[in-house]
Amino acid sequence: MEKIREILPCEAGVAMPDIPTISQKGLDRSPERALALLRDWLAAAPIAEGDRLPPERTLAALLGLGRSQLRQALARLEAEGRLWRHVGRGTFLGTRPPAPAAELAALAGRVGPAGVLQARLVLEPALARAAALAATAEQISALPALCEPAERAPTWRQYAAADAALHRAIAAASGNPLLLHLFDQLEAVRRAASPATRKAETAGPPPDHHSFAAHRAVVAAIAARDPEGAEAAMRAHIASVLAALDP
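## A closer look at the overall build of the protein chain
Helix and strand counts for the protein chain stand at 10 helices and 2 strands. Listed N to C, the secondary structure of the protein chain is α-α-α-α-β-β-α-α-α-α-α-α in terms of helices and strands. Put simply, the protein chain has 247 residues, and 41% of those count as buried. At a minimum sequence separation of 6, the contacts of the protein chain that also span at least 24 residues come to 72%. If you sum the accessible surface of the protein chain, you get close to 12900 Å²; carbon and sulfur atoms cover 59% of it.

Spelled out as structure tokens, the structure:
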């Protein structure tokens, strides 16, 4: 089993980033400020995919946050798929590994990208419908901002990461942990079935890329508490991607 590297302030040879505390940035104790501080720390810290974050007590002190503020911010990033938590082991950067890599690779090889999109066409419209019914006000308010990174992505690789974060946030907004788990399983197979290409590092999608309007349509229907509209918009979005897939 691969050894997990834990990032601690005292780790020899690692200089932790100088993250301003709330006292340095003012007394804004809103969830948005806590989330922004955590995002800043993750962007600057020497942490790789799969690494364990410092314990909550240490990380809260680094960011100048209370434990409850930190936990809310961690939960937001977990819903976006940026982090995953394991009771008794800690919080890790990246998405939860759903299965051994060999199993994922074998399944991805059997279904291919088209098979993954067909499965998404079954699951994700239902998730969008559920999100329109069950999403919290906070989740709904966060969705429009999650559209923006995909629209500003300078490369296709960054677009793919932003697109995945938005789709996972919609799945999390369904309010059903089992459906979210199924989404994560499917997302892991999707990544395994999508081979790295030279296109990933080229300039990202054009300003009129079809997915931008499709994402906004799904988000608008969820915000309007329109389950039929959210389901239809998500189905149209994924069907268009499937139709455009190279044969």
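Read on for the rest.
## A few points about the layout of surface pockets
Size it by volume and the second largest pocket reaches roughly 210 Å³. A75, R76, A79, E138 and Q139 are the residues nearest the centre of the second largest pocket, which is lined by 14 residues in total. Breaking the lining of the second largest pocket down by element, the ones donating at least two residues are helix 4 (67-79), helix 6 (137-152) and helix 7 (156-172). Looking at which element gives the most residues to the lining of the second largest pocket, the answer is helix 6, with 5 residues. Each residue belonging to the lining of the second largest pocket can be placed in one class, and the counts come to 8 nonpolar, 3 polar and 3 charged.

## Some points on the nonpolar core
If you look at the biggest cluster of nonpolar residues, it comprises 21 residues, and the most contacted ones within it are L143, L166, I170, V218 and I222. Among the elements of the structure, helix 5 (101-134), helix 6, helix 7, helix 9 (210-223) and helix 10 (227-244) are those that each provide at least two residues to this core. In contact with I222, not counting residues within four places along its chain, are A128, A131, A132, A135, I140, L143, I170 and A230. A60, L65, A73 and L77 belong to the second largest nonpolar core, which has 19 residues in total.

## Some remarks on the pattern of salt bridges
A side chain of one charge can pair with a side chain of the opposite charge when the charged atoms of the two come close. Overall, the coordinates contain 14 salt bridges when judged by the stated rule. For R129, the salt bridge is made with E231, and the minimal N-O distance between the two is 2.7 Å. Note that R129 is positioned in helix 5 and E231 in helix 10, a separation of 102 residues in sequence. Put simply, E187 and R191 hold a salt bridge, and the shortest N to O gap is 3.8 Å.

## Quick look at the environment of R33
Looking at the secondary structure, you find R33 in helix 2 (residues 31-44). Classification of R33 by relative accessible area gives partly exposed; the value is 25%. When the C-alpha atoms of R33 and A73 are compared, they prove to be 9.1 Å apart, with 40 residues separating the residues in sequence.

## Here we look at the environment of T95
Locating T95 in the fold gives a position in the loop between strand 2 (90-93) and helix 5. The exposure class assigned to T95 is partly exposed, which follows from its relative accessible area of 27%. For T95 and G50, which are 45 residues apart along the polypeptide, the C-alpha to C-alpha distance reads 8.3 Å. Those residues within four positions of T95 in sequence are excluded, and the remaining contacts are E49, G81, W84 and R191.

## Quick notes on helix 6
Bending of helix 6 peaks at approximately 30° at the position of L143, with proline P144 no more than four residues after it. Among the residues making up helix 6, those that are buried are I140, A142, L143, L146, C147 and A150. Buried-residue contacts for helix 6 involve helix 4, helix 7 and helix 9.

The rules behind each value
- Residues numbered from 1 in each chain as written.
- Predicted model: local features only at pLDDT ≥ 70, side-chain atom pairs only at ≥ 80, totals over all residues.
- Heavy atoms only, no water.
- Helix = DSSP H or I, 4+ residues; strand = E, 2+ residues; numbered from the N terminus.
- Buried < 20%, exposed > 50% of the residue type's maximum accessible area, 1.4 Å probe, protein only.
- Contact = heavy atoms within 4.5 Å.
- Areas by Shrake-Rupley, 256 points an atom, 1.4 Å probe, with all protein chains shown as cover.
- 1 Å grid on protein atoms, 1.4 Å probe; cavity = no way out; pocket = protein on both sides within 12 Å on 5 of 7 lines; lining within 4 Å.
- Points joined across faces, edges and corners; volume = space filled by probe spheres on them.
- Nonpolar A, V, L, I, M, F, W, Y, C, P; charged D, E, K, R; others polar.
- Core = buried A, V, L, I, M, F, W, Y, C linked by side-chain atoms within 4.5 Å.
- Salt bridge = Lys/Arg side-chain N within 4 Å of Asp/Glu carboxyl O.
- Bend = angle between axes of the 7 residues up to and from the residue.

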